[in-house]
Amino acid sequence: MSKKVKKIKNVDELAVAAIRATCIDGINKAKSGHPGAALDLAPILYVLYKDFLVANPFQPKWINRDRVVLSCGHASMLLYTILHLCSYDISIDDLQDFRQFGSKTPGHPEALVTPGVDAGSGPLGQGIAEAVGMAMAETMLNAIYGNRLYNHYTYCICGDGCLEEGISQEAIVFAGLQKLNKLILLYDSNDVTLDGSLSLSSDENVKMRFEAANWNVIHVNDGNNLHKIKKAIKKAQLSTDKPSLIIFKTIIGYGSKNQGTNKVHGSPLGEEDGNNAKLSYGYTYPPFEIPQEVYDRLKDTFLKRGEEAYQKYQNVISKIEEDDPFLYTKIMDLSTNNIKEYLNSKHPAMDDLSSESTRNTSLRVLNYYHELLPNFVGGSADVASSVMTKLANGSNFGPKNRKGTNINFGIREFFMCATTNGILLHGGLRTYNGCFLVFSDYAKSAIRMAALQKLPNIFLFSHDSLAVGEDGPTHQPIEQLASLRATPNLNVFRPCDAKETYASYRIALEESETPSAIILSRQNLPLLKKSSNYEEVKKGAYVVAKERGNHPEFTIIATGSEVSLALEVKAYLYSLGIDIRVVSMPCQELFDKQPVEYQLEVFGIDYGHRMSLEMASTFGWHKYAKYSLGIDRFGASGKANDVIKNYGFTKENIAKIILKYVR
């Protein structure tokens, strides 16, 4: 039985109905999607874009625009519909191609695919951390350049599921500590998750949770009331020393016969229920048809406001170009993630080093580049003195010092990596972050999102092997390198000495679309005579010690601390009459991009006479060598040298193994 048609009173009601109807149509046509949140959030996003958001759809990357992060990314059809109405380059045809291969409207938002999408939030909760990073970037750049150039809000839309993810609490506490008052979190409180009622998994007092973290909390008891929504966002914008949470009580799948239940979370409504829902909104137009007055309403509000703001900004920029061309060039250059022009090709002096841990070298290189790059910021997960990440000439970022470049993320690895992704998504700054390699597991999802979104984040991971020693197997990384190397579009560097460490940094900073993980040792490593300080590392692998004769009898391919060990093995075997080659492979990903001819030239001998040497999982190494000496079980607690010896990483044991393969 069809529902009675509701009477629409004004163009705003018509617009909300049109948005909801289009979401139903798109999801039904795709036979896939999540109508629940899209339908209940429609009035909130409509008011946000119509009355508040400052952006220019014809210049979607304008750096001083307000940012919007849809942390509950499954509601993507709603965002695409709003962007279409706001004149972004998303057509009705694009909306009809929702979730289809190669379309501009994928199942979850992707910043590199859809105009107007500021972030691909990925798994629930991560968008909140990205939004915190964007809000931080705004404060940093505002402190450097002033209100004329950087002065905007960051809005994040989240749901119950986002707030259940642990990263949300990491982000909430940090944002409150940093008093990010221009961060506004719009919370879709519909009390339903995929498996059923929210009460099955949570009964927390969200208001008290946020107030305890120093947030300004505003409550709207009716998520359909446009006047109350507008009033709440306006109030949030007035906050001077706290981020704001607006709790909107909503009904998931509003208008559906199954509204208010988990049945509408992730399944299309279907034709009958969809049509009845549209009638309950008063919407009688055919599928994907939107009245002109809805487009006009957003042109007269959102579009007009954004174009005026953009033109004012261009006038300011033009005046700076006229008065101070040097400053203008610097602002334009650093507004992107491409900083190649600011890198010095002359590397720091290292030739007088006898030995040094690569984490200590990393600290010197980090400070070297901090002096060169005015937009280089970062920190660690409370291990700055262990991973060596503190900038000597930098100060701590905080509410009273927005120019600080040392960020104290606290013991929050996942948040740290996700929020630096947010800083990069904002633009204008380059980032690094550090923790122990074994704890990269905590941050893996954010590392993956950096790679997916082509963000040149730099992840510094120290304590890279069994040499961690007494802390034992919980802190000794085994499988982490293989996991990182398996991630597409991520360069993983494990330098063997100070020169390779410098090269890893420089290559990482030259990248503008690929993140890098630099794996660092705690123990001292000797400076090798023939290691590379850039050119050979750029190729991913190279011959660090050639055989003495005309042809190697065997080749060891090693990384990190194991390169110097391989050189000891080479000398020992030569005394026994075996002539081998040693290859340093600081970055597999870069090596895989080299021509086959170069790869074969580096290895110098057939596949059956090569061995990889790395104190980690052997997974993945067999594409380079028939034999692998690694660790395919967990470590053990003890003195570092004792553990290393007991796991077979001595020159005598390695030589014994190679002798079996050679003779």
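The model shown is predicted, which means the values in this text are computed figures rather than measured ones. (Residues numbered from 1 in each chain as written. Predicted model: local features only at pLDDT ≥ 70, side-chain atom pairs only at ≥ 80, totals over all residues. Heavy atoms only, no water.)

A.B. asks: Mind laying out the overall build of the chain, listing which residues take part and the relevant values?
C.D. replies: Looking only at helices and strands, the chain has 23 helices and 20 strands in total. Principal-axis analysis of the C-alpha atoms places the extent of the chain at approximately 95 × 60 × 45 Å. Burial status across the chain gives 60% buried among its 663 residues. Within the chain, counting contacts between residues at least 6 apart in sequence, those at least 24 apart form 77% of the total. Accessible area of the chain: about 25,900 Å², with a carbon and sulfur share of 50%. Across the chain, 73 positive and 73 negative side-chain charges occur, with their mean positions spaced 2 Å apart. (Helix = DSSP H or I, 4+ residues; strand = E, 2+ residues; numbered from the N terminus. Buried < 20%, exposed > 50% of the residue type's maximum accessible area, 1.4 Å probe, protein only. Contact = heavy atoms within 4.5 Å. Areas by Shrake-Rupley, 256 points an atom, 1.4 Å probe, with all protein chains shown as cover. Lys, Arg positive; Asp, Glu negative; His and termini not counted. Charge placed at Lys NZ, Arg CZ, Asp CG, Glu CD.)

A.B. asks: How would you explain the UniProt feature "active site" (unreviewed entry) in the chain if you had to name every residue and give the values?
C.D. replies: UniProt's entry tags E413 with the feature "active site" (unreviewed entry), counted in the numbering of this structure. With respect to the helices and strands, the residue E413 is situated in helix α15 (residues 413-426). Leaving out residues up to four positions away in the same chain, E413 has contacts with E170, A381, C435, F439, Y442 and A443. (UniProt positions renumbered as here; feature names shortened; annotations may be inferred.)

A.B. asks: Please provide a residue-by-residue account of the environment of M350, values included.
C.D. replies: Along the chain, M350 falls in the loop between α12 (325-334) and β8 (355-357). With relative accessibility at 1%, the residue M350 sits in the buried group. Taking the C-alpha atoms as reference points, M350 and T361, 11 residues apart in sequence, are found 9.1 Å from one another. Excluding residues within four positions of it along the chain, M350 makes contact with T361, R364, V365, A498, K499, Y502 and L527.

A.B. asks: Outline the pattern of salt bridges, supporting the account with residue identities and numerical values.
C.D. replies: One pass over the full model with this rule turns up 23 salt bridges. A salt bridge links D12 to R297; the shortest N-O distance between them is 2.9 Å. Separated by 285 residues along the polypeptide, D12 in helix α1 (residues 11-30) and R297 in helix α11 (residues 292-323) bring together distant segments of the chain. On the basis of relative accessibility, which here comes to 14%, the residue D12 falls in the buried class. (Salt bridge = Lys/Arg side-chain N within 4 Å of Asp/Glu carboxyl O.)

A.B. asks: Run through the packing of aromatic side chains, naming residues and quoting values.
C.D. replies: Within the structure shown, the criterion is met by 27 aromatic pairs. Relative to Y150, the ring of Y145 lies with its centre 5.7 Å away and its plane at 40°, an arrangement referred to as tilted. Per residue, the accessibility class of Y145 equals that of Y150, and both read buried. Taken together, F591, Y598, F603, W621 and Y624 form an aromatic cluster joined through their ring pairs. The side chain of K182 reaches across the aromatic face of Y153, ending 5.3 Å from its centre. Just above the ring of Y534 sits the side chain of R506; from NZ or CZ to the centre is 3.7 Å. (Phe/Tyr/Trp six-rings, centres within 6.5 Å; stacked < 30°, edge-to-face > 60°. Lys NZ or Arg CZ within 6 Å of the ring centre and 35° of its normal.)

A.B. asks: Tell me what's going on with the sheet that holds strand β6 (residues 216-220), and back it up with residues and numbers.
C.D. replies: Strand order in the open sheet formed by 5 strands is β1-β2-β3-β7-β6, with parallel pairing between adjacent strands. The open sheet has two edge strands with one neighbour each: β1 (67-70) and β6. Ignoring which end each strand starts from, the neighbouring axes of this sheet average 20° apart. Pairing of strand β2 (residues 154-159) with strand β3 (residues 183-189) involves 6 bridges; the strand directions are parallel. For C156, the partnering residue across the bridge sits in β3 and is L185. On top of the sheet, helix α9 (residues 226-237) reaches β2, β3, β6 and β7 (244-249); it is set at about 175° to β6, its chief contact. (Pairing = 2+ DSSP bridges. Axes fitted to C-alpha atoms, helices over the stretch in contact; angles between N-to-C directions.)

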